Amino acid sequence: MTAIRWATFDCFGTLVDWRHGIANGIDLLFPGQGTTLLEVYNGHEPAVQTEFPGMRYRDVMAEALRRTARDAQLDLREVDEGVLGDTIPYWPVFPEVAASLTELRAAGWRIALLTNCDQDIIGETQRRLGAPVDTVVTAEMVGSYKPNHNHFTRFEESFGATRDRWVHVAQSYFHDMEPAKALDVPRVWINRQADERDPSIADAVLPDLRGLTATVETVNGKARS
């Protein structure tokens, strides 16, 4: 029997347009401020995750939004603090995702999500990806947020994934590429933001998911050689 090959993915930022979702959520409360405050929010969220590793992701987003509003001297009403958690099921999936995941599955790869969110949120999001997902590991399940290694180790222990049959695919340098490199998991960096940090951290770099199957096959081939 052919051994199972796994492609694991981060979800938000890699498959779902996280930046669009955050900016639009802020715009709902503070029109015209979303793009300006996105990077402020982007600085607060990982800090909250580090400070409160067991906090549910909905609450992480609410706390990061409170800190963002405080920095911008904006009046965030308590009733509005959950806007990001309320709208996350509707954040847009990147246009090439469905076709790319479908092609990858047709090539014999199973798909798992290693995601920094809650189980109910990823359940709502999965139905919009356009291709089935075989399993999910959430922050809620492991009690911490990436770049902590718990997502990777839980997946490895649960499914017996080995480095010659596993490729991790993600957009975040900090949350995904750095821990995957530390664990020696073969990895493809989806550099959607044209980040200028050292690309050698990854085994391959793509600007989006187009051409993903061939790239994953190449990375896996190198890992097996």
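All figures in this text were calculated on a predicted structure; none of them were measured in a lab.

Quick look at the packing of helix α1 (residues 18-29) against helix α2 (residues 34-51) now. Packed helix pairs are characterised by how far apart their axes lie and by the angle those axes make with each other. α2 packs onto α1 with a crossing angle of 115° between their chain directions and a minimal axis gap of 9 Å. In terms of orientation, α1 and α2 fall into the roughly perpendicular class. α1 and α2 meet at a crossing whose hand is right-handed. Contacts from Trp18, Arg19, Ile22, Ala23, Ile26 and Asp27 in α1 reach Gly34, Thr35, Leu37, Leu38, Glu39, Tyr41, Asn42 and Glu45 in α2. Of the residues in the contact of α1 with α2, the class split is 7 nonpolar, 3 polar and 4 charged.

Turning to the domain arrangement of the chain, a few remarks are in order. The parts lose accessible area when they come together, and the size of an interface is often stated as this lost area. Partitioning the chain into domains gives domain 1 (5-16 + 93-224) and domain 2 (18-90). With centres defined by C-alpha atoms, the gap from domain 1 to domain 2 works out at 24 Å. With 19 residues of domain 1 at the contact, the number on the domain 2 side is 16 residues. Summed over both sides, the interface of domain 1 with domain 2 buries roughly 1400 Å², with 54% coming from carbon and sulfur. At the surface where domain 1 touches domain 2, the tally comes to 4 salt bridges. The partner of Arg56 in a salt bridge is Asp118, with the nearest N and O atoms 3.5 Å apart. On the surface where domain 1 and domain 2 come into contact, there are 10 residue pairs in polar contact (both at pLDDT 80 or more). Listed by contribution, the elements that provide at least two residues to the side of domain 1 that touches domain 2 are α6 (119-126) and α9 (173-182). Among the elements that line the side of domain 1 that touches domain 2, the one with the most residues is α6, at 4 residues. Grouping the constituent residues of the side of domain 1 that touches domain 2 by class yields 6 nonpolar, 7 polar and 6 charged.

Rules and cut-offs
- Residues numbered from 1 in each chain as written.
- Predicted model: local features only at pLDDT ≥ 70, side-chain atom pairs only at ≥ 80, totals over all residues.
- Heavy atoms only, no water.
- Axes fitted to C-alpha atoms, helices over the stretch in contact; angles between N-to-C directions.
- Helix = DSSP H or I, 4+ residues; strand = E, 2+ residues; numbered from the N terminus.
- Parallel < 35°, antiparallel > 145°, perpendicular 65-115°, else oblique.
- Left-handed = near helix turned anticlockwise from the far one by under 90°.
- Contact = heavy atoms within 4.5 Å.
- Nonpolar A, V, L, I, M, F, W, Y, C, P; charged D, E, K, R; others polar.
- Domains from an automatic or database assignment.
- Buried area = accessible area lost by both parts, 1.4 Å probe.
- Salt bridge = Lys/Arg side-chain N within 4 Å of Asp/Glu carboxyl O.
- Polar contact = N/O pair within 3.5 Å; in protein donor to acceptor, adjacent residues only side chain to side chain.

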